[in-house]
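Each chain, letter by letter, is given below.
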Amino acid sequence: MIKKIVFYSGLMILVAGLSMAQVWKAPDQEKAKERAKERVKFVKEYKNEDIILHKMALVEKGITHKDITENYFLLDSPIIKEREDHYGPVRFAHKRHAALIEDCTACHHYRPKDESMSETTRCSACHQDSFNPEHPERIGLKAAFHQQCTECHQEKQDGPVTCTGCHLKNVPDHKDLVKLADGADAFEVTAECLRCHDQAGEDMLKTAHWNWRGPSPFTVEHRKDVQHGKGTTALNNY
Amino acid sequence: MQLTRRNFFKFMGVTGASAAAAPSSAQAWQSKAPPDPYGCLVDLTRCIGCRKCEEGCATVNKLPAPVKATCDCTVFEKKRRPDVNAFTTVNRYFSGKLDVLDKPSPTYVKVQCMHCQDPACVSACISGAITKKENGTVHYNVDRCIGCRYCMVACPFEIPAYEYHDPITPEVRKCTFCFDRISKEGGLPGCATICPVEAITFGKRETLLKLAKQRIKSDPNKYVDHIYGEKEVGGTSWLYVSSVPFSKLSFPELPETPSPKLAETIQHSLFSYLWSPILLFGFLGGMMYKFDKKDENTQDKGGA
Amino acid sequence: MDHKASPLNRKFWTPGVYVMLVFMIAGFLAILARFTGGIGYVSNLSAARPWGLWVGVDVATGVALAAGGFTTAALAHIFGRHSYEPVIRPALLTAMLGYTFVVLGLLVDIGRSWAIWKPVFFWNTNSVLFEVAMCVMVYLHVLYFEFIPIVVEQFKDKVRLPGILELLNGPIEMFLKVADVVASKMMWILIILGVVLSCMHQSSLGSLMLIAPTKIHPLWYTPIMPLLFLVSAFAVGYPMVVFETTLVTSSFKLDSEMSILTPLTRITIFLLGLYMLLKFGDMFVRGTYVYLLDGTYQTNSFIVEVLFGILVPWLMLVSTKIRQTRIGVFTAATMIVFGVALNRINVFIVGYTSPITEGGYFPSIVEIFVTLGLIATLMFIYRFVVTFLPVLQAAPEPITSEEVSS
């Protein structure tokens, strides 16, 4: 009974702590999240024109990379997530890319036929769900991102080309993965972590956190012996 | 020989009549391909060899995780074939093509069941365990399978794998075309869903053929002018386009005749309505009767 | 007819029988391994090589070499050549046992042996294998029915079961009587049916590989493969009878029956000649002779098959001098049997190349033991049956009744 009370009170404190932590949110990140959730109307027809004509049109209208307001986008469209959710969303630094390339048409390759629409409409206006039977030639949003990014990175020999170069892996829910008995001690917890993350354990042994051996003998009374630190008088071994 | 004459005449009457009627009914061979099947177009120029399709396939079909799943390139050192635990595999080929930096550029090839329009395995299967579905799937039903492996003999792509290490209940295993998924509205095969670059395009075969032709036409320098699967063995539901000739990528060179055509033509022209066995039966009966009668005059009947 | 067929009543356990027993035990252990570890555990079969020794030899060759049954039946019963009747019973027994072992071989080879009945209910009439299976199934039953008179002849009015089983004497006697009457009434249908079914599946066995044009070497892959299989089955029927009759008669020291065997070989000249004509004609029409000098193991195997399995024995039979000697006829017959057996092995094993996976196939030791074990069992049962049932009819050398095993 007492155990239960302790457990629940602990839980409540934890929840309270978490909700306290959520008070502050990064405003730009929230904005990016909101933007990523938006769905825009599908552009059925586009101008299949030479890229030069497109560039000229941009010049005429005075649209340049300097017009960009957002620092970054979160490429996290529900269009993709509906089908699968394999990796964490990519933080695409729109402004930075634009500043480096200084050419909108490198990515905004076509423009909508409808003149009233933006010349540099967003990717998801044209590229939505994959394999649209009415537009078989139009690739889906996920493929559009991947093809556009990877191809350019490869060509320019700049920028990541591997999966985790851009994505964070989705961290799986550890609730089902961790198998610990009630009241496991520190060593058991460590062993359980190492069951999957043995590489992380190896890496840990090479870090200062592990190798630190207390105050330098040269600073404290010039003694040669080592007194503290995880390598010696450690509090725990993880 | 105990041959009652009256019975014999009765029997001969029937056989003669049916034999006369039958030969005309042996028809020319007709394709049994579904009219508007689904398919997949694999664009080898797009494939980056990430092997996510293997992963997606394993998840969807509840198979063990692919070997060296995490982008380990040593996996490409050996050519892998689909097997009982992996319905699709990606292999790497260096065909002499160079990339922008003059380095050998790899071509990755995904292998799986081609889901032929007139599948040899379907024609071969002794008990109809393999069927070609309306949606294009070549579907295996283990409940009818006897494990004879004739499908494997017949398959020109060498796709069906077999649980050789199961002594009593081995199954034939191959790409399912995610039959249950694509049977639902908007459903996609696992590999096509997960492919990051849409190297696999899912759709109606007709649409995909048009799309493939369009891609080749719009970029003739990039593609070889060949849609693998358009005509091979009478056409397959899965189609491939490539920048490298298919012969360099372990694609078997195949005739345009559907594999079952010859055997089925012979079988059906000989055995439809069992006309030839009945005719033969009648002929042999006639011979037996003739010689039996001749014998009666000379000697006693010989016992069987 | 000089004498009736009768049980041999010889000593059953001879050294040869013990050798057979050793092979049978080895085969049994091999089959045990097959059904515990799986086909993959004991054989060299793979996805690229789904069919091997068991299909090529136990099934395809087994069916071909059992052709003596229907060819002799047709000759003696349908075309009224009653002088050949002495060889009918042994040929029938060979066919019956041969087909039984085809089915046993299949049970080992197919993965889901317990499901072998499924094609009876789930039909695929497009499947060549379906037709073959149905024919073999029905034909096996026909063969068993054809064998009934032989059993009846031996036991009718002689059922004497000991002890408590005595009660069964009456019913068994009744059953035999009924079986005798039914069998003799049905016999003409059975005989014709047997020939028809044989023609059907012997030819269809040749259609089996038509579905894999890219896998079978062009020297064998021809649209007339079913015709070649049928004609070669005709051609091998009588040589097979000659082969086994000579073996049996010399093994049991019986009359050599040359009076029957020599005329049989005359028919063989025609049938084998037809087969040879078709085989060579096909090769020239399709222009496949260009492969002959490739020097690969496949083309060499073809040359051996055609040369020593068809051409040489045919020439031997054409020569009257050789045809009249027992050893000459036996040699020629053996070569023909070898030629047709090699043809089946060539079509199903040697001529089969995977278009994708490299590497050949050679049967594993366990596969071989299974096949040898099955053949030994077949011979064992053959010996058992001819010892105790009236199958062979040959002039017996006097044998004392004490030697009859109890």
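Below, the discussion takes up the overall build of chain A. For chain A, the helix and strand inventory stands at 12 helices and 4 strands. Partitioning the contacts of chain A with sequence separation of at least 6, the portion at a separation of at least 24 is 59%. When the accessible surface of chain A is split by element, carbon and sulfur atoms take 59% of a total near 17400 Å².

Here we come to the overall build of chain B. A count of helices and strands for chain B gives 9 helices and 9 strands. Residues classed as buried in chain B amount to 56% of the 304 residues present. Looking at chain B alone, contacts between residues at least 24 apart form 60% of all its contacts between residues at least 6 apart. For chain B, the exposed area adds up to about 13500 Å²; of that, 55% sits on carbon and sulfur atoms.

With that settled, the discussion passes to the domain arrangement of chain A. Assigned domains of chain A: these are domain 1 (27-166) and domain 2 (172-211 + 224-233). Domain 1 of chain A and domain 2 of chain A are separated by 43 Å when their C-alpha centres are compared.

On to the nonpolar core, then. Grouped together as the largest cluster of nonpolar side chains are 153 residues, with contacts concentrated most on Tyr150(B), Ile78(C), Leu93(C), Phe147(C), Met209(C) and Phe348(C). Ignoring anything within four residues of it in the chain, the contact list for Leu93(C) reads Phe147(C), Tyr382(C), Val385(C), Val386(C) and Val391(C). Counting 43 residues, the second largest nonpolar core, distinct from the first, contains Ala192(B), Val197(B), Phe202(B) and Tyr240(B).

Residue and element names in this part refer to chain B. Neither face of strand 9 (residues 238-241) is exposed, since Trp238 and Tyr240 on one face and Leu239 and Val241 on the opposite face are all buried. Inspection of the sheet shows strand 1 (residues 38-43) paired to strand 9 by 4 bridges, in the parallel sense. Bridging from a neighbouring strand, aspartate 43 pairs with valine 241 of strand 9.

Burial analysis of helix 4 (residues 68-78) of chain C places 11 of its 11 residues in the buried class, which makes it a mostly covered element. One or two steps after helix 4 of chain C, the chain reaches Gly80(C), where phi turns positive at roughly 65°.

Thresholds applied
Residues numbered from 1 in each chain as written. Chains lettered and ligands numbered in written order. Predicted model: local features only at pLDDT ≥ 70, side-chain atom pairs only at ≥ 80, totals over all residues. Heavy atoms only, no water. Helix = DSSP H or I, 4+ residues; strand = E, 2+ residues; numbered from the N terminus. Contact = heavy atoms within 4.5 Å. Areas by Shrake-Rupley, 256 points an atom, 1.4 Å probe, with all protein chains shown as cover. Buried < 20%, exposed > 50% of the residue type's maximum accessible area, 1.4 Å probe, protein only. Domains from an automatic or database assignment. Core = buried A, V, L, I, M, F, W, Y, C linked by side-chain atoms within 4.5 Å. Pairing = 2+ DSSP bridges.

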